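Secondary and tertiary structure notes
Take a look at the letters that make up each chain.
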Amino acid sequence: MKRFRFPLRPVAVIRAHKELRAREAFAASVHAYVQAEELLAATRARVAGLAQALFDGRGGTFLAAEAAAMFRSYRAECDEELKVERQVIEARDAMQQRRAEYLDASRQLKVVHKLEEKARSLHRAAALVEDQAAMDEFAGYRAARRVLLT
């Protein structure tokens, strides 16, 4: 029986590497997205804290310079919140793109694996036919020898 040789083995290896790289890129983009979400949550918490401090400071004496400084820091944090929201949206888009690339690479790898499975089953069937033919030939020689001996 001949050894099984899959002619598309180099393609399978290349697609496996491509799938692995796509999976790693997707994992990195998920990590970046999670970090961006955490940064956004922290920024929103700071904005809420500044807003609370700004509105709680209304009672009592009014210090214009202190109120103006606090309002400037509040506006800076609001601007920072907008920047971080944009980063989250960009990270989500990048994550979705990497996910699509990973799914495509995985699909391509599965196609090659299915082709290899089919080729293996055809090889097994051909080997079984060859083995059966050898056994039939051996049985025929044995029967012919019995006829000659009797």
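Up top is the structure these notes are about.
Residues numbered from 1 in each chain as written. Predicted model: local features only at pLDDT ≥ 70, side-chain atom pairs only at ≥ 80, totals over all residues. Heavy atoms only, no water.

1. Side note on the overall build of the protein chain
Scanning the protein chain for helices and strands turns up two helices and zero strands. For 150 residues, the compact-globule formula gives about 15 Å, and the C-alpha radius of gyration of the protein chain, at 35 Å, lies well above that figure. Its C-alpha atoms give the protein chain principal-axis dimensions of roughly 130 × 25 × 15 Å. Counting over 150 residues, the protein chain shows a buried share of 17%. Nonlocal contacts in the protein chain, meaning residues at least 24 apart in sequence, comprise 91% of its contacts between residues at least 6 apart. Total accessible area computed for the protein chain in this model is approximately 11,600 Å², and 60% of it derives from carbon and sulfur atoms. (Helix = DSSP H or I, 4+ residues; strand = E, 2+ residues; numbered from the N terminus. Rg over C-alpha atoms; globule rule 2.2 N^0.38 Å. Buried < 20%, exposed > 50% of the residue type's maximum accessible area, 1.4 Å probe, protein only. Contact = heavy atoms within 4.5 Å. Areas by Shrake-Rupley, 256 points an atom, 1.4 Å probe, with all protein chains shown as cover.)

2. Examining helix α1 (residues 9-56)
The periodicity of an α-helix, 3.6 residues per turn, causes residues three or four positions apart to be oriented the same way. When the terminal C-alpha atoms of α1 are compared, their 70 Å separation across 48 residues agrees well with the 70 Å that a helix rising 1.5 Å per residue should span. Taken as a whole, α1 has its buried residues at Ala12, Glu19, Ala22, Ser29, Tyr33, Ala36, Leu40, Thr43, Val47, Ala51 and Leu54. Turning to α1, the residues buried within the fold contact α2 (64-149). (Expected span 1.5 Å × (residues − 1).)

3. Brief notes about the nonpolar core
Within soluble globular proteins, side chains that are nonpolar tend to cluster in buried spots. With seven residues, the main nonpolar core is built from Tyr33, Ala36, Leu40, Val84, Val88, Ala91 and Met95. Residue contributions to this core peak at four residues, all from α2. Not counting the four nearest positions on each side in its chain, alanine 36 is found in contact with Val84, Gln87, Val88 and Ala91. Counting five residues, the second largest nonpolar core, distinct from the first, contains Val47, Ala51, Tyr74 and Cys78. (Core = buried A, V, L, I, M, F, W, Y, C linked by side-chain atoms within 4.5 Å.)

4. Description of the packing of aromatic side chains
A full pass over the atoms with the stated rule returns three aromatic pairs. With 6.4 Å between their ring centres and 15° between their planes, phenylalanine 4 and phenylalanine 6 make a pair best called stacked. When its relative accessible area of 21% is taken as the criterion, phenylalanine 4 is described as partly exposed. (Phe/Tyr/Trp six-rings, centres within 6.5 Å; stacked < 30°, edge-to-face > 60°.)

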